[in-house]
Amino acid sequence: MNKIAVKRFLVQDFQSSEAIKTLRTNIIFSGTSIKAVALTSFSASEGKSSLCFQLAASMALAGKRVLLLDTDLRKSVLQSRLRVRERVDGLSHYLSGLANVNELLRETDIPGLYIIFAGALVPNSAELLGGESFDKLIPALKEVFDYIIVDAAPLGQVVDCAVMAPKLDGVVVVVDTTHNSYKLERRILDQLKRSGGKVLGVVLNGV
């Protein structure tokens, strides 16, 4: 299977590149137990999916073996953002018992970076992500990859990230300063904490 050409989407300007490297360093220095990290936001269009890709790519360029896992099973944008035109089986196929993990892994032209796309969009994503198959998936992936960067659905719209959070090592909340109020952002932070998730921090976007 051909490698997915994603290197062309790497940020080029110095300021953005340095910001991504700072985020990468902060996550790495969060501890050796922090391997599976989700990024979420309150609403769509806050830059979460783009940031997930840039972070995963930066980690791979630093010599890590990294998986970018798309868990936005209701309204994923990652595949279209990376201009992958062909039909791709993804996470929803695995969680529904229609494919195994090895069939889903896609290698990229950035050495060390792999992607599992969301697959077919489904209406019951919270149930699938809260099920036994996802429980088993994350520990198995952590045996293979140094880091798993999880692109999670916006928590202000669906509960999926709160369902996943206890099964991951941490969550980073992406906040576009031009989008939402402090009260709305506080609400999803509280929801993550109530679910048992570990909030690693917040990334301000659009500053």
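Being a predicted model, the structure only gives us computed values, none of them experimental.

1. Some points on the packing of aromatic side chains
The final tally for this structure, using the stated rule, is 1 aromatic pair. Between the aromatic rings of Tyr-114 and Phe-145, the centroid separation amounts to 5.8 Å while the plane-to-plane angle is 65°, which identifies the pairing as edge-to-face. Here the residue Tyr-114 occupies a position in strand E4 (residues 113–116), and Phe-145 occupies one in the loop between helix H7 (132–142) and strand E5 (147–151), the gap between them amounting to 31 residues. Considered together, Tyr-114 and Phe-145 belong to a single accessibility category, that of buried residues.

2. Examining the pattern of salt bridges
Opposite charge on two side chains makes pairing possible when the charged atoms of those side chains draw close. Within this structure, the stated rule accounts for 10 salt bridges. With a closest N to O distance of 3.1 Å, Glu-132 and Lys-136 form a salt bridge. Remark: Lys-136 and Glu-132 occur in helix H7; sequence separation between them is 4 residues, near one turn of the helix. Just as Glu-132 is exposed, Lys-136 falls in that class too. One salt bridge in this structure joins Asp-135 and Lys-167, with 2.7 Å as the shortest N-O distance.

3. Looking at the environment of Leu-23
The residue Leu-23 is located in helix H1 (residues 14–28) in this model. Given a relative accessible area of 12%, Leu-23 falls into the buried group. Separated by 116 residues in sequence, Leu-23 and Pro-139 have C-alpha atoms that sit 24 Å apart. Those residues in contact with Leu-23, other than ones at most four positions away along the chain, are Leu-51, Leu-55 and Val-203.

4. Some thoughts on the nonpolar core
Judged by nonpolar contacts, the single largest core of 38 residues is most densely connected at Leu-69 and Leu-91. Residue contributions to this core peak at 4 residues, all from H7. Setting aside chain neighbours within four positions, we find Leu-91 in contact with Leu-69, Asp-70, Thr-71, Leu-73, Leu-104, Ile-116, Phe-117, Ala-118, Gly-119, Leu-129 and Leu-137. With 32 residues, the next largest nonpolar core counts Ile-34, Leu-68, Val-88 and Ile-110 among its residues.

5. Focus: the sheet that holds strand E3 (residues 106–107)
Strand order in the open sheet formed by 7 strands is E3-E4-E2-E5-E1-E6-E7, and the pairing between neighbours is mixed. Lying at the two open borders of the sheet, with one neighbouring strand each, are E3 and strand E7 (199–205). With 4 bridges joining them, strand E2 (residues 66–70) and E4 adopt parallel strand pairing. Bridge assignment links Leu-68 to a residue of E4, and that residue is Ile-115.

6. A short note on the pairing of E5
In terms of burial, E5 is largely enclosed, as 5 of its 5 residues are buried. Side chains Tyr-147, Ile-149 and Asp-151 of E5 all project onto a buried face; the interleaved residues Ile-148 and Val-150 project onto the opposite face, where all are buried too. Relative to E5, strand E1 (residues 36–41) is paired through 4 bridges, and the arrangement is parallel. Its bridge partner being in E5, Ala-38 is matched across the sheet by Val-150.

7. Notes on H1
The end-to-end C-alpha distance of H1, which contains 15 residues, comes to 21 Å, matching closely the 21 Å that a straight helix rising 1.5 Å per residue would cover. Taken residue by residue, H1 has Ile-20, Leu-23, Arg-24 and Ile-27 as its buried positions. With its buried residues spanning 100° around the axis, H1 presents them on a single face. H1 presents Phe-14 and Gln-15 as exposed residues on the side facing more than 90 degrees away from its buried surface.

8. Brief notes about the environment of Glu-86
Examined against the element boundaries, Glu-86 turns out to sit in the loop between helix H3 (78–81) and helix H4 (91–95). Given a relative accessible area of 42%, Glu-86 falls into the partly exposed group. Setting aside its immediate chain neighbours within four residues, Glu-86 contacts Gln-79 and Arg-106.

Here is what the cut-offs are and how they apply
- Residues numbered from 1 in each chain as written.
- Predicted model: local features only at pLDDT ≥ 70, side-chain atom pairs only at ≥ 80, totals over all residues.
- Heavy atoms only, no water.
- Phe/Tyr/Trp six-rings, centres within 6.5 Å; stacked < 30°, edge-to-face > 60°.
- Helix = DSSP H or I, 4+ residues; strand = E, 2+ residues; numbered from the N terminus.
- Buried < 20%, exposed > 50% of the residue type's maximum accessible area, 1.4 Å probe, protein only.
- Salt bridge = Lys/Arg side-chain N within 4 Å of Asp/Glu carboxyl O.
- Contact = heavy atoms within 4.5 Å.
- Core = buried A, V, L, I, M, F, W, Y, C linked by side-chain atoms within 4.5 Å.
- Pairing = 2+ DSSP bridges.
- Expected span 1.5 Å × (residues − 1).
- Arc of directions from axis to C-beta.

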